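Topology and contacts: notes
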Amino acid sequence: MHAGYHWRNSGHPIVTRLRTAVDIRGGAVFPAIRSELGGLSVTYAGLAEGLAYTLEFTELRRESEDGESARRTAAKLTGKTLRSPAALPDADIVIVGTGAKQARRLPRQASLIVPMRVHFVVATDEAPDLIRQRISKRERSQFNRDMRIHDWTWAVETEPAWFDFFYDRLYRPTMRERHGERERTESREVSYECLFRGGRMFSLSQDGERIGGALCHWDPESCVLTLRLLGVVDGAKQHYDSGAFKAIYHFLIDWAAHNGVRRVDFQGTEPFLSKGTYQWKRRFATEVILPPNHFGEKRLWLQVRRDTPAVRDFLVANPLLAEAADRSLEAVYFHDSARPPQLDYSAKSPGVSRVREVNLDEFLAPRSAAHLNRRTRP
């Protein structure tokens, strides 16, 4: 149990390198899924984690109000095949999940190298007041107002009975309400043995009643506290509307600043700026980093195969983080004469080195020329 948990989550360099090497080996078999939805086709091939973290995100962003479901076509490929993009199931956009070194060897034409995931961390080794001042003014103001209304309290919990209540009434219902069939959860046994027994657990109370909580991994060597599981009672909407769910993050930062924690890791999300989780975690003065676990060694290679209005709409609507030439993270906003860059999805955070606005006419020029040649060929 402990071995499996550390295999999935450890930030030790030896473990992350070994995990990445095993995952991307040439003889491994990988899923290759072609998804058609909203007038746009996307193929995802490679590391299985990308099905939930990447392909599902593209489907969520392509969904329409009529509730149309994606039409998926499944195949399997070996690691060697992933290195030959021409062999992948064709689509308007092709995404390959693989190791960073392998992604950098793939063609650069109409393509980007993208982190598979990013994490958000808060430095908490300074005076609490200074840390708090870095949180966005809007976020601080809203929390202060909600706090006056609800008078929440925060406590460290050590009793196994609280773990049971947290897991059954807070964590699992919250995951079901937030993600439905797409929920990804940690098992009860792993949560207890690998998190509760050696980690830190907290409760959020309102009027003397526990309504929320968090379970964190604690690394005493690095003094990093990682938020792993959280939830509110029954996943109820009222605790989102009241601000209780966000209050967990405020209290966790404050507790860490007073208790010798060097950094709080709020874990991560997909590297798309249009992801709601990305935008609100950014407000807590977080630094965007590559994940300290095996995801830090993995990348997405995203290539546009066809220049269509649907492709352009999707790219403009979903700005993302990409790996720059110097391997730092940069925010990429696509645009053209009819589609302005979606700068409302802010990328302003420590860890994002620059903002790059990319003209689609230039980015897709090779694809447009190839399409024109096919149409005019005798």
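Scroll up to find the structure this text is about.
Reference entry: report on the structure contained in this document. (Residues numbered from 1 in each chain as written. Predicted model: local features only at pLDDT ≥ 70, side-chain atom pairs only at ≥ 80, totals over all residues. Heavy atoms only, no water.)

A look at the overall build of the protein
Summing up its helical and strand segments, the protein has 15 helices and 16 strands in all. Relative to the 2.2 N^0.38 estimate, which gives 21 Å for 378 residues, the radius of gyration of the protein is 22 Å and therefore close to what a compact globule would have. Overall size of the protein, expressed as C-alpha extent along the three principal axes, is 80 × 45 × 40 Å. Out of the 378 residues belonging to the protein, those deemed buried represent 52%. Considering only contacts in the protein between residues 6 or more positions apart, those separated by 24 or more positions represent 72%. Working note: accessible area of the protein is about 17,700 Å², and carbon and sulfur atoms make up 49% of it. (Helix = DSSP H or I, 4+ residues; strand = E, 2+ residues; numbered from the N terminus. Rg over C-alpha atoms; globule rule 2.2 N^0.38 Å. Buried < 20%, exposed > 50% of the residue type's maximum accessible area, 1.4 Å probe, protein only. Contact = heavy atoms within 4.5 Å. Areas by Shrake-Rupley, 256 points an atom, 1.4 Å probe, with all protein chains shown as cover.)

Points about a nonpolar patch on the surface
On the surface, W7, L18 and V22 cluster together into a nonpolar patch covering about 240 Å² of accessible area. Take L18: it is sitting in helix 2 (residues 13-23). Here L18 falls in the partly exposed class, since its relative accessible area comes to 47%. (Patch = residues over 30% accessible without salt bridge, like charges linked within 9 Å, V, L, I, M, F, W, Y side chains within 5 Å. Salt bridge = Lys/Arg side-chain N within 4 Å of Asp/Glu carboxyl O.)

A word on the sheet that holds strand 3 (residues 71-78)
Taken in spatial order, the six strands make up an open sheet running 3-1-2-4-13-5, and their pairing is mixed. Each having just a single partner strand, strand 3 and strand 5 (111-115) make up the two edges of the open sheet. Strand-to-strand twist of the sheet, defined as the mean angle between neighbouring strand axes without regard to direction, takes the value 20 degrees. (Pairing = 2+ DSSP bridges. Axes fitted to C-alpha atoms, helices over the stretch in contact; angles between N-to-C directions.)

Comments concerning the pairing of strand 8 (residues 200-206)
Most of strand 8 sits out of view: six of its seven residues are buried. Of the pairings in the sheet, the one linking strand 8 to strand 9 (residues 209-219) comprises seven bridges and is antiparallel in character. Residue R200 lies in a different strand from strand 9, and its bridge partner there is C216. Linking strand 8 to strand 9, which pair antiparallel, is a turn of two residues; within it D207 sits at a positive phi near 55 degrees.

Examining the environment of F165
When you line up the elements, F165 lands in helix 8 (residues 160-179). Separated by 45 residues in the primary sequence, F165 and R210 place their C-alpha atoms 9.7 Å from one another. Sequence-distant contacts of F165, defined by excluding residues within four places in its chain, comprise L170, R210 and V233.

Some details on the sheet that holds strand 11 (residues 263-269)
Pairing in this open sheet of seven strands is mixed, and the strands run 7-8-9-10-11-6-12 from one edge to the other. The open sheet has two edge strands, strand 7 (153-157) and strand 12 (287-289), and neither has a second partner. Here the strands of the sheet are splayed against their neighbours by 30 degrees on average, with no regard to which way each runs. The pairing of strand 7 with strand 8 spans five bridges and is classified as antiparallel. Its bridge partner being in strand 8, W154 is matched across the sheet by L204. Contacts from helix 8 reach strand 7, strand 8, strand 9 and strand 10 (224-232) within the one sheet, and its direction differs from that of strand 10 by about 75 degrees.

Quick notes on the pairing of strand 9
In regular strands, side chains alternate between the two faces of the sheet. The pairing of strand 9 with strand 10 spans eight bridges and is antiparallel. The partner of C216 across the bridge, within strand 10, is L227. Linking strand 9 to strand 10, which pair antiparallel, is a turn of four residues; within it C223 sits at a positive phi near 55 degrees.

Details of a positive patch on the surface
Together, K80, R83, K101, R105, R108 and R327 line one region of the surface with positive charge. Here K80 is to be found in helix 4 (residues 79-82). The class of K80 is exposed, set by a relative accessible area of 58%. (Lys, Arg positive; Asp, Glu negative; His and termini not counted. Charge placed at Lys NZ, Arg CZ, Asp CG, Glu CD.)

A few points about the nonpolar core
One finds W154, L204, L252, F266 and L321 to be the most contacted residues of the largest nonpolar core, which totals 59 residues. If one sorts the elements of this core by residue count, helix 11 (residues 244-258) sits on top with 11 residues. Discounting residues that sit within four places of it in the chain, W154 has contacts with F202, S203, L204, A214, I248, F251, L252 and W255. Within the second largest apolar cluster, 46 residues are counted, among which are L82, F314, L360 and F363. (Core = buried A, V, L, I, M, F, W, Y, C linked by side-chain atoms within 4.5 Å.)

Let's talk about the packing of aromatic side chains
A complete count under the given rule lists 25 aromatic pairs for this structure. A ring pair is formed by F245 and W280, whose centres lie 6.2 Å apart and whose planes are at 65 degrees; its orientation type is edge-to-face. Of this pair, F245 sits in helix 11 while W280 sits in helix 12 (residues 276-282), and the two are 35 residues apart along the sequence. Comparing F245 with W280 shows no difference in burial state: the two are buried. Counting every residue linked through ring pairs, the aromatic cluster contains W162, F163, F165, F166, Y167, Y171, Y192 and F196. (Phe/Tyr/Trp six-rings, centres within 6.5 Å; stacked < 30°, edge-to-face > 60°.)

A closer look at helix 11
Its 15 residues place the ends of helix 11 21 Å apart at the C-alpha level, agreeing with the 21 Å of an ideal helix rising 1.5 Å per residue. Of the positions making up helix 11, those classed as buried are A244, F245, A247, I248, Y249, H250, F251, L252, I253, W255, A256 and A257. Phi for G260, located one or two positions after helix 11, is positive at around 75 degrees. (Expected span 1.5 Å × (residues − 1).)

Describing helix 13 (residues 309-317)
Those residues of helix 13 that sit buried are V311, R312, F314, L315 and V316. Residues of helix 13 that are buried in the fold lie against strand 2 (40-46), helix 3 (49-62), strand 4 (93-99), strand 13 (298-304), strand 15 (329-335) and helix 14 (360-363).

Read these as spatial facts, not as claims about activity.
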